[in-house]
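In case you want the letters, here they are:
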Amino acid sequence: MKYINLKTFGLLACSLLAACHTEEVPVFDDTNALQLSSVSLEGDMAVKSIVTSIEKVNIYTTKPTTHEPLTTNALSTYTYSGGAWKSDTPPSLDPPQPPSQDGDYSIYAYYPVENNGNPITVTNSADGNHTISVYVRSEDTFEGDQNDYLYAASCPITASSAHKVISLTMMHALAKVTFQIRKSDAATERLTLNNIEVHSQTSRLQSGENGTMNLVTGQLNGLASGSSILLTSSTGGATLSSTPTDISALMAPMSGPEQVLSFKLTVTVAGEATPRVFETKSVTSSDSNGEQWEAGKEYIYQIKVDKTGSSIEGVKVYDWKTGADQNTQVGI
């Protein structure tokens, strides 16, 4: 099973769109089984992506008129194979008895289907706000090991024996933070970036192993608030040049606005035994309340390393699918 992480992140768009635009036309059966015709991702992610694939989604089905799970096959895994989405254990959308009762079942969906080999199951809620467990890292690598968490838009989706074919549009529950770091022409020494620490003075960053994601809203709860998140190279460091080096991470939305958000870089200068550690000035947000990362948004910070000091030229917020023009300058 392949998770969507920053090593494998982007083909999600390609393969999901392939599911929507495949030349093969799925042949649907004549039973009451729920059938999945396509899965797509909100926005055009291809411009930011590295080719990968999504192969599975989990679908959770509850009974008509209640939020109780089906007795059989309430949680089903659908796999994309041979140009179609299929399940070995699809939920059956049997007509209600008596027929006068409401026959609409409620459908929810999420990705990934497992974490570190352990199946991700659903915690049922009597009010319909069902959840799954999530794990958001406080330490990650430059290559990106954090799993992306997706939920289906417009849930609950209704289905019945008369309308048993559905399509899914998946939404991001995390934010994407990208650093574009380049070496200034004034810095002639070889510079190697070892790690990046994101610092929030009022502890607006969120991480932890005991979080949950709401399958209706995508909201994350139960994560621990903290003041820092650390990104570290697992390959001996990234050599900086005049061409920006892109380092991206998937992070939880902030718990609230942060007025003092900064980035601490550890850089090894050629010929020096001890790495240098320095911190940018605080990000100046376009929002007077401060900087606050949101789910489904991308935040790009352009950082220039030189010997003169540090300054921040501008900060903006963009949809995940678009580029950005944020600038931070830091001195060594």
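So, here is what we can say about the structure in this document.

Procedures and definitions
Numbers given for residues are sequential positions, taken from 1 along each chain in its written order. Owing to the predicted nature of the model, reporting of local features is limited to residues with pLDDT of at least 70; listing and counting of side-chain atom pairs is limited to 80 or more, with chain, interface and lining totals taken over all residues. Calculated side-chain values reflect all of the structure's heavy atoms, with hydrogen atoms and water omitted. Helix and strand definitions here come from DSSP, where helices need a minimum of 4 consecutive H or I residues and strands a minimum of 2 consecutive E residues; each element is numbered from the N-terminal end. Relative accessible area decides the class of each residue, using a 1.4 Å probe on protein chains only: under 20% of the type maximum gives buried, over 50% gives exposed, and in between gives partly exposed. Residue contacts follow a heavy-atom distance rule, with two residues in contact if any of their heavy atoms lie within 4.5 Å. Here a polar contact means two N or O atoms within 3.5 Å. Within protein one must be a hydrogen donor candidate and the other an acceptor candidate, and residues neighboring in sequence count only if both atoms are side-chain atoms. What is meant by a nonpolar core is a set of buried Ala, Val, Leu, Ile, Met, Phe, Trp, Tyr and Cys residues, joined one to another through side-chain atoms within 4.5 Å. Centre distance within 6.5 Å is the pairing criterion for rings of Phe, Tyr and Trp, where only the six-membered ring of Trp is used; planes under 30 degrees apart are then read as stacked, over 60 as edge-to-face, and the remainder as tilted.

## Some words on the environment of Asn124
Argument step 1. Position of Asn124 relative to the elements: it lies in the loop between β8 (122-123) and β9 (131-136).
Argument step 2. Given a relative accessible area of 33%, Asn124 falls into the partly exposed group.
Argument step 3. For the pair Asn124 and Glu68, spaced 56 residues apart in sequence, the C-alpha separation works out to 7.4 Å.
Argument step 4. Apart from residues lying up to four places away in sequence, Asn124 is in contact with Tyr60, Thr62, His67, Glu68, Pro69 and His130.
Argument step 5. A distance of 2.8 Å separates polar atoms of two side chains, one belonging to Asn124 and the other to Tyr60.
Argument step 6. From its side chain, Asn124 meets the backbone oxygen of His67 in a polar contact 2.8 Å long.

## Let's talk about the nonpolar core
Argument step 1. In this structure, Leu36, Ile59, Ile166, Leu168 and Met213 are the most contacted members of the largest nonpolar core, which totals 43 residues.
Argument step 2. Those elements that provide at least two residues to this core are β1 (35-41), β2 (56-62), β5 (105-111), β9, β11 (150-152), β12 (157-159) and β13 (165-172).
Argument step 3. Looking at this core element by element, the count peaks at 6 residues for β5.

## Some remarks on the side chain of His130
Argument step 1. Inspection of the secondary structure puts His130 in the loop between β8 and β9.
Argument step 2. If sequence neighbours within four positions are ignored, His130 has contacts with Tyr60, Thr62, His67, Tyr108, Val122, Thr123, Asn124, Ser125, Met213, Asn214 and Leu215.

## Observations regarding the environment of Asn58
Argument step 1. Among the structural elements, Asn58 can be located in strand β2.
Argument step 2. When its relative accessible area of 3% is taken as the criterion, Asn58 is described as buried.
Argument step 3. With sequence-adjacent residues up to four places away left out, Asn58 is seen in contact with Leu75, Ser76, Thr77, Tyr108, Ala109, Tyr110, Val113 and Ile120.
Argument step 4. A polar contact is formed between the side chain of Asn58 and the side chain of Thr77, at a distance of 2.6 Å.
Argument step 5. At a separation of 2.9 Å, a polar atom in the side chain of Asn58 contacts the side chain of Tyr110.

## A word on the packing of aromatic side chains
Argument step 1. Inspection of the entire model under this criterion finds 6 aromatic pairs.
Argument step 2. Residues Phe263 and Tyr301 carry aromatic rings whose centres are separated by 4.8 Å and whose planes lie at 55 degrees to one another, so their mutual orientation is tilted. Of the two residues, Phe263 is situated in strand β22 (residues 261-269) and Tyr301 in strand β24 (residues 297-306); the sequence distance between them amounts to 38 residues. The exposure classification of Phe263 matches that of Tyr301, with both residues buried.
Argument step 3. Seen in terms of ring centroids, Trp293 and Tyr299 are 6.3 Å apart; in terms of plane orientation they differ by 45 degrees. Their pairing is tilted.
Argument step 4. An aromatic cluster is built from Phe179, Phe263 and Tyr301, whose rings are joined through pairwise contacts.

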